[in-house]
Amino acid sequence: MIGKRPGHTSKPSGATFPDQRRASKPPPQNAIKRKPPNRLRSEPPPRKPAGGAQISKVKTSTRFRAWRRHHASMAVDSLKRLLKAPGASLMTWAVIAIALSLPVALYIFLNNAQLVSSNWDGTAQISLYLKAEISDAEGRDLRQELEMQEDIAETRYMSKDQTLAEFKEFSGFGEALNYLDGNPLPAVIVVRPSINGIEAQEALVASLNDRPQVEEAQLDLAWVKRLFHIMELGQRMITALGLLLGLAVLLVVGNTIRLAIENRRQEIVVIKLIGATNAFVRRPFLYTGLWYGLGGGILAWVLINTSLFWLDGPVRSLASAYASDFSLIGLSLRDSLLLLASSTLLGWLGAWIAVGRHLGAIEPK
């Protein structure tokens, strides 16, 4: 045939078809798909772990170290934030210090008043005014008899002449008494009781007043009773004032923490988006409240001790005018530690309340 070359087929140029002999050739035996094993009868061979992410168990000690490091980091970071704004922090500390100083100052005043009244009550004396017809010998015998009683610690006899001389010295009417014809003052036995308590001393006065040699037994404890009632009222006032001012500290710290939360709202949203818990977010604000409370307590301690140092001189001068060595008693070590601990606790509690109320409302959308 013209136009055909020997050895070539009549397939058109450019087209390719699969070879029927190759297509009908069976696949190799290794390429035959095997039936999957029955999982109910046999277990598949163990696989080797892949090179990707793996879940590992964290030790408790590692978690505790991480928790401790985060607490220390948040404490330092919150303190640095306060020191970066010294004006605002100092104003908050000053408000807390003034609120804490008022009840503490009243507490110190009450302690000093109790000390003075206890000294006066401990040295209470009973004056036994003897009858005019009692001689000095009878008066001295009565003094010795009274000193043998268990409820009497000490007695002192003053004759008529001694009482007149003492009255001239302390009354300021010495020249006027010189114009008197005789001595109108009786002999006196001064008794210092060995028992404490107003009721017991009043019972002793009643028993001494019943003696035939005694004209009158006098123990002036009315002012002591009034002082005790005033101090009891003062204690209740201090308790009420302390509770009210403690509530004021909570409100001050809570409002300050609320403003800090609002200023860091975007930061809180971002760290919550990456999986931070409420405890993680709450931690720096709690330390901020703790630093506010501790700083206010330290400033209150400084204000109180400065005031006591300023008042100590005039109080000593007034006490020396009454022949007394009384001086103001300030805060002891126990009271100082209690003040700092209370202020720190109030700051932390105020921050906790504020964070609990406002932090839950901030959630990523």
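Residues numbered from 1 in each chain as written. Predicted model: local features only at pLDDT ≥ 70, side-chain atom pairs only at ≥ 80, totals over all residues. Heavy atoms only, no water.

1. Description of the overall build of the protein chain
Along the backbone of the protein chain there are 11 helices and four strands. A burial count over the protein chain gives 29% of its 365 residues as buried. Within the protein chain, contacts between residues at least 6 apart in sequence are counted, and of these 80% link residues at least 24 apart. Entry remark: accessible area of the protein chain is about 26,100 Å², with carbon and sulfur atoms responsible for 60%. (Helix = DSSP H or I, 4+ residues; strand = E, 2+ residues; numbered from the N terminus. Buried < 20%, exposed > 50% of the residue type's maximum accessible area, 1.4 Å probe, protein only. Contact = heavy atoms within 4.5 Å. Areas by Shrake-Rupley, 256 points an atom, 1.4 Å probe, with all protein chains shown as cover.)

2. Description of the nonpolar core
I257, I261, I268, F285 and I304 are the most contacted members of the largest nonpolar core, which has 29 residues in total. Of all the elements in the fold, those that place two or more residues in this core are α3 (86-122), α8 (222-263), α9 (265-273), α10 (278-321) and α11 (333-358). (Core = buried A, V, L, I, M, F, W, Y, C linked by side-chain atoms within 4.5 Å.)

3. Section: the packing of aromatic side chains
One pass over the full model with this rule turns up three aromatic pairs. Measuring from ring centre to ring centre gives 6.5 Å for W93 and Y292, while their planes differ by 65°; the resulting arrangement is edge-to-face. Taken as a pair, W93 in helix α3 and Y292 in helix α10 lie far apart in primary sequence, 199 residues in all. Looking at W93, the relative accessible area reads 17%, which means it is buried. The ring centre of W352 lies 5.0 Å from the NZ or CZ of R282, which sits over that ring. (Phe/Tyr/Trp six-rings, centres within 6.5 Å; stacked < 30°, edge-to-face > 60°. Lys NZ or Arg CZ within 6 Å of the ring centre and 35° of its normal.)

4. Side note on the sheet that holds strand β3 (residues 188-193)
As summarised here, the arrangement of the four strands in space is β2-β3-β1-β4, forming an open sheet in which the pairing is antiparallel. The outermost strands of the open sheet, each flanked by one partner alone, are β2 (152-158) and β4 (214-218). With strand direction ignored, the average angle separating the axes of adjacent strands in the sheet is 20°. Relative to β3, strand β1 (residues 126-130) runs antiparallel, the two sharing four bridges. Pairing of I126 across the sheet is with V191, part of β3. Set on the sheet, helix α4 (residues 136-147) makes contact with β1, β2, β3 and β4; between it and β2 the angle comes to about 170°. On the sheet, helix α7 (residues 198-209) packs against β1, β2, β3 and β4 and is oriented at approximately 170° with respect to β4. (Pairing = 2+ DSSP bridges. Axes fitted to C-alpha atoms, helices over the stretch in contact; angles between N-to-C directions.)

5. Overview of a negative patch on the surface
Where like charges cluster on the molecular surface, the negative patch consists of E133, E138, D141, E215 and E216. Here D141 shows up in helix α4. Looking at D141, the relative accessible area reads 48%, which means it is partly exposed. (Patch = residues over 30% accessible without salt bridge, like charges linked within 9 Å, V, L, I, M, F, W, Y side chains within 5 Å. Salt bridge = Lys/Arg side-chain N within 4 Å of Asp/Glu carboxyl O. Lys, Arg positive; Asp, Glu negative; His and termini not counted. Charge placed at Lys NZ, Arg CZ, Asp CG, Glu CD.)

6. Section: the pattern of salt bridges
On inspection of all chains with the given rule, the structure shows nine salt bridges. Notably, a salt bridge pairs R316 with D312, separated by 2.9 Å at the nearest N-O pair. Taken together, the positions of R316 and D312, both in helix α10 and four residues apart, correspond to about one turn of that helix. Since its relative accessible area comes to 45%, R316 is described here as partly exposed. Note that R334 is salt-bridged to D335, the shortest N-O span being 3.6 Å. Residue class for R334 comes out exposed when judged on its relative accessible area of 62%. Of the residues examined, D335 reaches a relative accessible area of 13% and is grouped as buried.

7. Digging into the confidence of the model for the protein chain
When pLDDT is averaged along the protein chain, the result is 78; 76% of the residues meet or exceed 70. Within the protein chain, α11 carries the highest mean pLDDT (91), whereas helix α1 (residues 20-23) carries the lowest (49). Note on residues 1-18: pLDDT is under 50 here. Beyond four places in sequence and across chains, it has one contact. (pLDDT = per-residue confidence, 0-100.)

8. A short note on the environment of I261
Its place among the elements puts I261 in helix α8. For the pair formed by I261 and I362, sequence separation is 101 residues and the distance between their alpha carbons is 9.4 Å. Excluding its chain neighbours within four sequence positions, the residues that come into contact with I261 are I268, F285, A354, V355, H358 and I362.

9. Here we look at the side chain of R283
Tracing the backbone shows R283 in helix α10. With near-sequence residues (within four places) excluded, R283 lies in contact with W67, H70, H71 and M74.

10. Regarding the packing of helix α2 (residues 60-84) against α10
Orientation of α2 relative to α10, taken along the N-to-C sense of each, is 50°, at an axis distance of 8 Å. As the angle between them shows, α2 and α10 are arranged oblique. Remark: the crossing between α2 and α10 carries right-handed chirality. For the pair α2 and α10, contact is made by W67, H70, H71, M74, A75, S78, L79 and L82 and by F280, R283, P284, Y287, T288, W291 and Y292, respectively. By residue class, the composition of the contact of α2 with α10 is 10 nonpolar, four polar and one charged. (Parallel < 35°, antiparallel > 145°, perpendicular 65-115°, else oblique. Left-handed = near helix turned anticlockwise from the far one by under 90°. Nonpolar A, V, L, I, M, F, W, Y, C, P; charged D, E, K, R; others polar.)

11. Some words on the packing of α10 against α11
At their nearest, the axes of α10 and α11 sit 7 Å apart, and the two run at 145° to each other. As for the relative orientation of α10 and α11, their crossing is right-handed in sense. Residue-level inspection shows R282, F285, L286, G289, L290, G293, L294, G297, I298, W301 and I304 of α10 in contact with α11, the latter providing S336, L339, L340, S343, T344, G347, W348, A351, W352 and V355.

12. Considering the pairing of β1
Side chains I126, L128 and L130 project from β1 onto a buried face, and the interleaved S127 and Y129 project onto a face without burial. Where β1 meets β4, four bridges bridge the pair, whose relative direction is antiparallel. Within β4, the residue paired with S127 across the bridge is Q218.

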